[in-house]
Amino acid sequence: MSAVSDRLPTFPWDKLEPYKKTAAAHPGGIVDLSVGTPVDPVPDLIQKALVAAADSPGYPTVWGTPELRDAITGWVERRLGARGVTHRHVLPVVGSKELVAWLPTQLGLGPGDTVAHPRLAYPTYEVGARLARADHEVYDDPTELDPANLKLLWLNSPSNPTGEVLGKEELTRIVSWAREHGVLVVSDECYLELGWEADPVSVLHPDVCGGSYEGVIAVHSLSKRSNLAGYRAAFLAGDPAVLGPLLEIRKHGGMMTSAPTQAAVVAALGDDTHVREQRERYAARRTLLRDALLRHGFRIEHSEASLYLWATRGESCWETVSHLAALGILVAPGDFYGPAGEKFVRVALTATDERVRAAVERLS
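Student: Can you help me understand the overall build of the chain in this one?
Tutor: Check the secondary structure of the chain and you find 13 helices and 13 strands. Here the C-alpha atoms of the chain give a radius of gyration of 20 Å, agreeing with the 21 Å that 2.2 N^0.38 yields for 364 residues. Out of the 364 residues belonging to the chain, those deemed buried represent 55%. When contacts within the chain are restricted to residue pairs at least 6 apart in sequence, those whose partners lie at least 24 apart make up 75%. Accessible surface computed for the chain: about 15300 Å², of which carbon and sulfur atoms make up 52%. Once the 37 positive and 46 negative side-chain charges of the chain are each reduced to a mean point, those two points are 4 Å apart.

Right under this line is the structure:
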């Protein structure tokens, strides 16, 4: 076990504990804007679907029920604009973080293979490469990478942590380059429903992939759009030549989404109203926090989508974390997402309206 854990970096969130204690000591209590975990209720129709499927004594299937696959294919075509999506083009997974961490291993990557991800990125992309003993490389423009040993190219639009969105032309250029060099593109699109100053586009859109899913996979999650982080519900869509072998591997590993969760996902993907309502909540919180941070002397970069504001005061991120902790506000230091974030903090919109108002008052 130590040999595996030795491959991994120190779990970054442990470094925040002293600042969390400082923020928690504030007379008005902590406002925790450090982690993007939903705080609003699971929509009622989803809860009802989960309860109705609670009597599920048998093993669920890794591929999911036909109803689940119908729901995923229908949503992918309706929401992402994809065409000709069949059951062979989709695969449920047990939350997107599990998939990100284990995909390089399940693809059979190892020493001598390279996994690439954005310079500022969710740390689990690197963790996945390390677990597989593959090399990992960061990029600003993926088409400038050496494609010789590059086997897996992660895209993340909208980005965590920056909220940056890759436009349709940029995505098309990257997909074309990757296909030319035989590189698998996996696009983490978990925040696609949360565009504010941009309209995020999927790699599965025909204008991007040319109507072919060869060498292209999209990752989607219901954690943010439907407040289902506690359900561990996500899915892949794209190249069946990749998803077919993954399905077989995951069968051997018993990587099954629970039957009640599968039923809940069917309900969630079939309803757009709750997504619109949740977007409105986040939009209101975003406006309040953004204005308060700007008045407090912050500069905000990108942040045109996702659940975060990427903010800086032009100082070490840890100085900013300390400054805000003294006000009872906890945020994530930018260097959690790579050295390029050393002067930024990530401010999550995932707090209750009452806690957001408290943060705004303290910042004023």
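So much for the structure itself; the text now carries on.
Student: Would you take a moment to explain the side chain of N160 for this structure?
Tutor: Within the fold, N160 resides in the loop between strand 5 (150-156) and helix 7 (168-180). At a separation of 2.9 Å, a polar atom in the side chain of N160 contacts the side chain of R346. If we skip the residues at most four places from it in the chain, N160 touches L120, A121, Y122, Y191, Y308, Y337 and R346.

Student: Would you mind going over the packing of aromatic side chains with me for this structure?
Tutor: Describing an aromatic ring pair means giving the distance of the ring centres and the angle of the ring planes. Counting across every chain of the model gives 10 aromatic pairs. A ring pair is formed by W310 and F344, whose centres lie 5.1 Å apart and whose planes are at 5°; its orientation type is stacked. Residue W310 is located in strand 10 (residues 308-312), and its partner F344 is located in the loop between strand 12 (332-333) and strand 13 (345-348); the two are separated by 34 residues in the primary sequence. The exposure class of W310 is buried, given its relative accessible area of 1%. On the basis of relative accessibility, which here comes to 11%, the residue F344 falls in the buried class. For the pair W318 and F336, a centre-to-centre distance of 5.9 Å together with 65° between the ring planes defines the contact as edge-to-face.

Student: What should I look at first to understand the sheet that holds strand 4 (residues 135-139) in this one?
Tutor: Each strand in a sheet pairs with its neighbour through backbone hydrogen bonds, running either in the same direction (parallel) or in the opposite one (antiparallel). A sheet is described by the order of its strands in space; here seven strands give the open sequence 2-8-7-6-5-3-4, paired in mixed fashion. The outermost strands of the open sheet, each flanked by one partner alone, are strand 2 (90-93) and strand 4. Along the sheet, successive strands turn relative to each other by an average axial angle of 20°, direction set aside. Where strand 2 meets strand 8 (residues 234-238), four bridges bridge the pair, whose relative direction is antiparallel. The partner of V93 across the bridge, within strand 8, is A234. Here helix 5 (residues 96-106) sits on the sheet in contact with strand 2, strand 3 (114-118), strand 5, strand 6 (184-188), strand 7 (216-221) and strand 8, set at roughly 160° to strand 5. Docked against the sheet, helix 9 (residues 240-253) engages strand 2, strand 6, strand 7 and strand 8, running at close to 40° with respect to strand 2.

Student: Mind showing me how you'd approach the nonpolar core here?
Tutor: When a protein is soluble and globular, its nonpolar side chains tend to lie buried together. Counting 67 residues, the largest nonpolar core has L33, W154 and L236 as its most contacted members. With sequence-adjacent residues up to four places away left out, L236 is seen in contact with H89, V90, L91, V93, L99, I217, A218, V219, L243 and L246. The next biggest cluster of nonpolar side chains, apart from the first, holds 44 residues, and it includes Y139, V201, F235 and L269.

Student: Hey, could you run me through the pairing of strand 4 in this one?
Tutor: As a general feature of sheets, a regular strand has side chains that alternate between the two faces. In terms of strand pairing, strand 3 meets strand 4 through five bridges, oriented parallel. Counted as the bridge partner of T114 is D135 from strand 4. What joins strand 3 to strand 4 is helix 6 (residues 124-131), and the crossover it makes is right-handed.

Student: Whenever I open this one, helix 13 (residues 353-363) confuses me. Can you help?
Tutor: Along an α-helix, a turn takes 3.6 residues, which lines up residues three or four apart on a common side. For helix 13, the set of buried residues is R355, V356, A358, A359, V360, R362 and L363. Contact partners of the buried residues in helix 13: strand 1 (31-32), helix 11 (273-295), helix 12 (317-326) and strand 11 (329-330).

Student: Would you mind going over the pattern of salt bridges with me for this structure?
Tutor: In a structure, side chains of opposite charge can pair up when their charged atoms sit close to one another. One pass over the full model with this rule turns up 18 salt bridges. The closest approach of N and O atoms between R79 and E193, which form a salt bridge, is 2.8 Å. Taken together, the residues R79 in helix 4 (residues 66-80) and E193 in the loop between strand 6 and helix 8 (206-209) connect sequence positions 114 residues apart. One network of salt bridges, with partners in common, ties together D40, R285 and D353.

Student: Mind showing me how you'd approach the environment of R250 here?
Tutor: With respect to the secondary-structure elements, R250 resides in helix 9. With 157 residues separating them in the primary sequence, R250 and V93 have C-alpha atoms 9.1 Å apart. Beyond its immediate stretch of four places on either side in the chain, R250 contacts V62, L91, P92, V93, V94, E98, L99, Q106 and M255. A distance of 2.7 Å separates a polar atom in the side chain of R250 from a polar atom in the side chain of E98.

Student: So what exactly am I meant to see when it comes to the sheet that holds strand 10 here?
Tutor: Pairing is antiparallel in the open sheet, where four strands are placed in the order 9-10-13-12. The sheet is open, and its two borders are formed by strand 9 (299-301) and strand 12, each paired with just one other strand. Bridge count between strand 10 and strand 13: four bridges; the pairing is antiparallel. The partner of A311 across the bridge, within strand 13, is V345. Strands in contact with helix 11 are strand 9, strand 10 and strand 13; relative to strand 10, the strand with the most contacts, it is inclined by about 0°.

Student: Help me understand the side chain of S157 in this model?
Tutor: Among the secondary structure elements, S157 is positioned in the loop between strand 5 and helix 7. Here the side chain of S157 touches L166 through a polar contact of 2.8 Å, landing on its backbone nitrogen. Apart from residues lying up to four places away in sequence, S157 is in contact with E164, V165, L166, D188 and E189.

The rules behind each value
Residues numbered from 1 in each chain as written. Predicted model: local features only at pLDDT ≥ 70, side-chain atom pairs only at ≥ 80, totals over all residues. Heavy atoms only, no water. Helix = DSSP H or I, 4+ residues; strand = E, 2+ residues; numbered from the N terminus. Rg over C-alpha atoms; globule rule 2.2 N^0.38 Å. Buried < 20%, exposed > 50% of the residue type's maximum accessible area, 1.4 Å probe, protein only. Contact = heavy atoms within 4.5 Å. Areas by Shrake-Rupley, 256 points an atom, 1.4 Å probe, with all protein chains shown as cover. Lys, Arg positive; Asp, Glu negative; His and termini not counted. Charge placed at Lys NZ, Arg CZ, Asp CG, Glu CD. Polar contact = N/O pair within 3.5 Å; in protein donor to acceptor, adjacent residues only side chain to side chain. Phe/Tyr/Trp six-rings, centres within 6.5 Å; stacked < 30°, edge-to-face > 60°. Pairing = 2+ DSSP bridges. Axes fitted to C-alpha atoms, helices over the stretch in contact; angles between N-to-C directions. Core = buried A, V, L, I, M, F, W, Y, C linked by side-chain atoms within 4.5 Å. Right-handed = clockwise from strand over helix to strand, strands pointing away. Salt bridge = Lys/Arg side-chain N within 4 Å of Asp/Glu carboxyl O.

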